[in-house]
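Residues per chain are reported as follows:
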Amino acid sequence: MTILVTGGAGYIGSHAVQRLLRDGHDVVAIDTLFRGHARAMHLLARAFPGRLTFIHADVADRALVEGILRARGIRDVLHFAAMAYVGESVEEPLRYYRNNTLASLALIEACDRAQVERLVFSSTAATYGEPDASRIPIREDCPQHPINPYGASKLAVERMLADWCASRARAGRPVAVACLRYFNVAGSDASGLLGEDHHPETHLVPLVLQAAVGVREAITIFGADYPTPDGTCVRDYIHVEDLVEAHIRVLGALRPGEWRAYNLGTGRGASVREVIDACRRATGREITERAGARRPGDPPELTADPGAIARDLGWKARVTSIEDMAASAWRWMLAHPRGYDDGAGGA
Ligand code: UFG
């Protein structure tokens, strides 16, 4: 079976492509390479000869995507392609609505015309905004009130998908959709082929590890006066391979006409300080930290209640320790201190 993966050259998308190829599927990956990595595609194409088709294009190109779907008879789509920096979305909201919301609309239209049967969408905990303390850990029925354009651009897609799904069911042409709301994704694949490489990097775990490997002097803690146990923000970190496993389970479980939403996290929070300490243990290196101001838009705590997907599909994160997640990210960073383009890892 051939599966379309949008954003297949990105951090999470490339890990998903690898897993699908390992499971015996053929994959068509589409990516603009704006922030994705051609090198990740080369590595996967080499590891799985003849099984991966990479298309350098934008999902917003509806005719092109429809053509691919029809030509390959594709019934399943994993939609990762998006811009995903909260801060940048506040500075440039229209780019986020164009690249996340409008591009997804074009993709959904292509899927609608080409009779796609299942679509799994990368949504985000950012759709919840800043939930009341009484709502943490966050369940899927927590009101979604995003506080930044990134979260809003993704929530709009969730709503389009829900309406599309309902209308198709009414018309007797059911399609199945799942919105997976990611918390904080970290780590890299155990084989060492793929890793996390963002330009610019804004995520805590890779930044702390960059300080450990020496490409960055120190890690700045964005605020230590939050109403949390140690004053720093608490997040729910999930290993990228556990996240991908959840996609595989969801895709396998979706039945015609269903619309599902699941939170993907471990259910345990870790503070910024705890993450830095875990990285110290995982790397055995000194990591210099600096006190910094709060970063605008950061809620004090975002922790998932992943109970729904555990009950429905038996999925649970296997990696629950931040130290293990950091160790997995560290292995790739040691081999690629400057990311995919550092020349390491073979041509
Ligand atoms: N942080 C620092 N210093 C840094 C970088 C981050 O203290 O140099 C802190 C942040 O303030 C935050 C925590 O580390 O408290 C985690 O920050 P990240 O940037 O790694 O992740 P976010 O929680 O901001 O955002 C992530 C994804 C989003 C997603 C969100 C949902 O990047 O795409 O989780 O929870 F929407």
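Residues numbered from 1 in each chain as written. Predicted model: local features only at pLDDT ≥ 70, side-chain atom pairs only at ≥ 80, totals over all residues. Heavy atoms only, no water.

Teacher, can you tell me more about unusual backbone geometry here?
Trans is the prevailing form of peptide bonds, just as negative phi is the prevailing case for residues other than glycine. Going from Ile 136 to Pro 137, the amide bond is cis rather than trans, its omega being 0°. Within the element layout of this structure, Pro 137 appears in the loop between β5 (118–124) and α6 (149–170). Each neighbour pair has its own omega, and for His 199 with Pro 200 the value is -5°, a cis peptide bond. By the element assignment, Pro 200 lies in the loop between β7 (184–186) and α7 (204–213). At Leu 33, a position not held by glycine, the phi torsion is positive, near 65°. Mapped onto the secondary structure, Leu 33 falls in the loop between β2 (26–31) and α2 (38–47). Residue class for Leu 33 comes out partly exposed when judged on its relative accessible area of 23%. In the Ramachandran plot, Gln 115 falls in the positive-phi region, its phi being about 60° despite a non-glycine side chain. The topology assignment puts Gln 115 in the loop between α5 (93–113) and β5. Given the relative accessible area of 41%, Gln 115 is considered partly exposed. (Helix = DSSP H or I, 4+ residues; strand = E, 2+ residues; numbered from the N terminus. Buried < 20%, exposed > 50% of the residue type's maximum accessible area, 1.4 Å probe, protein only.)

How do you make sense of empty space enclosed by the protein when you look at a structure like this?
Regions of empty space are outlined by a rolling probe, equal in size to a water molecule, passed over the atoms. Within this structure, the stated rule accounts for 2 cavities of 30 Å³ or more. Roughly 60 Å³ of volume is contained in the largest cavity. Lining the largest cavity, in full, are Gly 187, Ser 188, Glu 196, Pro 206, Leu 209, Ala 329, Trp 332 and Met 333. If you tally residues by element for the lining of the largest cavity, the top one is helix α11 (residues 322–335), at 3 residues. For the lining of the largest cavity, the class distribution of residues is 5 nonpolar, 2 polar and 1 charged. Of the voids in this model, the second largest cavity is the one considered here, and its volume is about 30 Å³. When residues of the lining of the second largest cavity are traced back to their parent elements, those giving at least two are α9 (272–283) and α11. Here the lining of the second largest cavity takes 3 residues from α11, the largest share from any one element. (1 Å grid on protein atoms, 1.4 Å probe; cavity = no way out; pocket = protein on both sides within 12 Å on 5 of 7 lines; lining within 4 Å. Points joined across faces, edges and corners; volume = space filled by probe spheres on them. Nonpolar A, V, L, I, M, F, W, Y, C, P; charged D, E, K, R; others polar.)

When you look at the sheet that holds strand β9 (residues 234–235) in this model, what are you seeing that I'm missing?
In any sheet, the strands associate via hydrogen bonds between backbone groups, in a parallel or an antiparallel arrangement. Strand order in the open sheet formed by 3 strands is β12-β9-β14, with mixed pairing between adjacent strands. Every interior strand has two partners, whereas the edge strands, β12 (270–271) and β14 (301–302), have only one. The pairing of β9 with β14 spans 2 bridges and is parallel. Bridging from a neighbouring strand, Arg 235 pairs with Leu 302 of β14. (Pairing = 2+ DSSP bridges.)

Just checking my understanding: could you explain the packing of α5 against α6 for this structure?
Each packed pair of helices is defined by two parameters, the angle between the axes and the distance between the axes. Relative to each other, α5 and α6 sit at 15°, their axes nearing to 8 Å. What the angle tells us is that α5 and α6 run roughly parallel. At the point where α5 passes α6, the crossing takes the right-handed sense. The residues of α6 that touch α5, namely those facing Pro 93, Tyr 96, Tyr 97, Asn 100, Thr 101, Ser 104, Leu 105, Ile 108, Cys 111 and Asp 112, are Pro 149, Tyr 150, Ala 152, Ser 153, Lys 154, Ala 156, Val 157, Met 160, Leu 161, Trp 164 and Arg 168. Class assignment for the residues of the contact of α5 with α6 results in 14 nonpolar, 4 polar and 3 charged. (Axes fitted to C-alpha atoms, helices over the stretch in contact; angles between N-to-C directions. Parallel < 35°, antiparallel > 145°, perpendicular 65-115°, else oblique. Left-handed = near helix turned anticlockwise from the far one by under 90°. Contact = heavy atoms within 4.5 Å.)

How should I be thinking about the layout of surface pockets in this particular structure?
Space inside the second largest pocket adds up to approximately 240 Å³. If you trace the second largest pocket, you find 16 residues lining it, with Ala 190, His 239, Glu 241, Asp 242 and Arg 318 closest to the centre. Those elements that place two or more of their residues in the lining of the second largest pocket are α1 (11–22), α8 (240–253) and α11. Grouping the amino acids of the lining of the second largest pocket by side-chain chemistry returns 3 nonpolar, 5 polar and 8 charged.

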